[in-house]
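Structure assessment
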Amino acid sequence: MDEIRQRILSLLSEKKISKAELQRIANLKKSTLYNVFNEKTDINNVSIGTMKSIARSLNTTLDYLIEGKNSVTKLVLGRDDTEKETHKITTEQLQTIQSIIETIKDNPEEDNF
């Protein structure tokens, strides 16, 4: 299996998302998703729009899916407009932050730290 498919499968596993859920979240036709995972289909023939939808649905970047590179994202922190700070973070760091936020949302009563 090529690297792009492997990265998508790894993200699905990591995020505990099935292919059927990805199809729904990314708003793709079943046949389109089949082509993404069918090893007989050249992944380079899958449209950029489809790959963008998959990337968005998996909270990653097209750059990561295609090249395996962690892009830099801007993270803005602050309570209001006067206190905002901008920080550059990698996709991996962003995913870690999103995971922490999801843990807190899922367990609001627990002391998460």
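Bear in mind the structure is a predicted one, so any value in this text is a computation, not a measurement.

1. Some details on the overall build of the chain
Looking only at helices and strands, the chain features six helices and two strands. Traced from its N-terminal end to its C-terminal end, the chain shows the element sequence α-α-α-α-α-β-β-α. With 113 residues in all, the chain has 27% of them scored as buried. In the chain, 43% of the contacts between residues at least 6 apart in sequence involve partners at least 24 apart. Roughly 8,100 Å² of accessible area belongs to the chain as shown, and the carbon and sulfur atoms make up 47% of that amount.

2. Digging into the confidence of the model for the chain
In the predicted model, the chain carries a mean pLDDT of 82, and the fraction of residues at 70 or more is 81%. Across the chain, the element-wise mean pLDDT spans from 63 in strand 1 (residues 72-77) up to 94 in helix 2 (residues 19-25).

3. Overview of the packing of helix 1 (residues 3-15) against helix 3 (residues 30-37)
Closest axis-to-axis distance for the helix 1/helix 3 pair is 9 Å, and the angle between their directions is 115°. It follows from the interaxial angle that helix 1 and helix 3 lie roughly perpendicular. Contacts between helix 1 and helix 3 involve Arg 5, Ile 8, Leu 9 and Leu 12 from the first element and Asn 35, Val 36 and Phe 37 from the second. By residue class, the composition of the contact of helix 1 with helix 3 is five nonpolar, one polar and one charged.

4. So, the nonpolar core
Counting 19 residues, the largest nonpolar core has Ile 8, Leu 22, Ile 54, Leu 58 and Leu 65 as the members making the most contacts within it. Counting residues per element, the ones that place at least two in this core are helix 1, helix 3, helix 4 (48-57) and helix 5 (62-67). Examining the composition of this core, we find that four residues originate from one element, helix 1, more than from any other. Once you skip the residues sitting within four places of it in the chain, Leu 65 turns out to touch Ile 4, Arg 7, Ile 8, Leu 11, Met 51, Ile 54, Ala 55 and Thr 60.

5. Digging into the side chain of Thr 60
Here Thr 60 shows up in the loop between helix 4 and helix 5. For Thr 60, a relative accessible area of 12% puts it in the buried group. Those residues within four positions of Thr 60 in sequence are excluded, and the remaining contacts are Leu 11, Ala 55, Leu 65, Thr 91 and Gln 95.

6. Thoughts on helix 4
Taken together, the buried positions of helix 4 are Thr 50, Met 51, Ser 53, Ile 54, Ala 55 and Ser 57. Phi for Asn 59, located one or two positions after helix 4, is positive at around 50°.

7. As for the environment of Leu 62
Counting through the fold element by element, Leu 62 comes out in helix 5. Considering only alpha carbons, one finds Leu 62 and Ile 48, 14 residues apart in sequence, at a separation of 8.7 Å. Leave out the neighbours within four places in its chain, and Leu 62 touches Ile 48, Met 51, Lys 52 and Ala 55.

8. Observations regarding unusual backbone geometry
Positive phi, normally seen in glycine, also occurs at Lys 16, with a value near 55°. When you line up the elements, Lys 16 lands in the loop between helix 1 and helix 2. Residue Lys 16 is classed as exposed on the basis of its relative accessible area, which comes to 72%.

The rules behind these values
- Residues numbered from 1 in each chain as written.
- Predicted model: local features only at pLDDT ≥ 70, side-chain atom pairs only at ≥ 80, totals over all residues.
- Heavy atoms only, no water.
- Helix = DSSP H or I, 4+ residues; strand = E, 2+ residues; numbered from the N terminus.
- Buried < 20%, exposed > 50% of the residue type's maximum accessible area, 1.4 Å probe, protein only.
- Contact = heavy atoms within 4.5 Å.
- Areas by Shrake-Rupley, 256 points an atom, 1.4 Å probe, with all protein chains shown as cover.
- pLDDT = per-residue confidence, 0-100.
- Axes fitted to C-alpha atoms, helices over the stretch in contact; angles between N-to-C directions.
- Parallel < 35°, antiparallel > 145°, perpendicular 65-115°, else oblique.
- Nonpolar A, V, L, I, M, F, W, Y, C, P; charged D, E, K, R; others polar.
- Core = buried A, V, L, I, M, F, W, Y, C linked by side-chain atoms within 4.5 Å.

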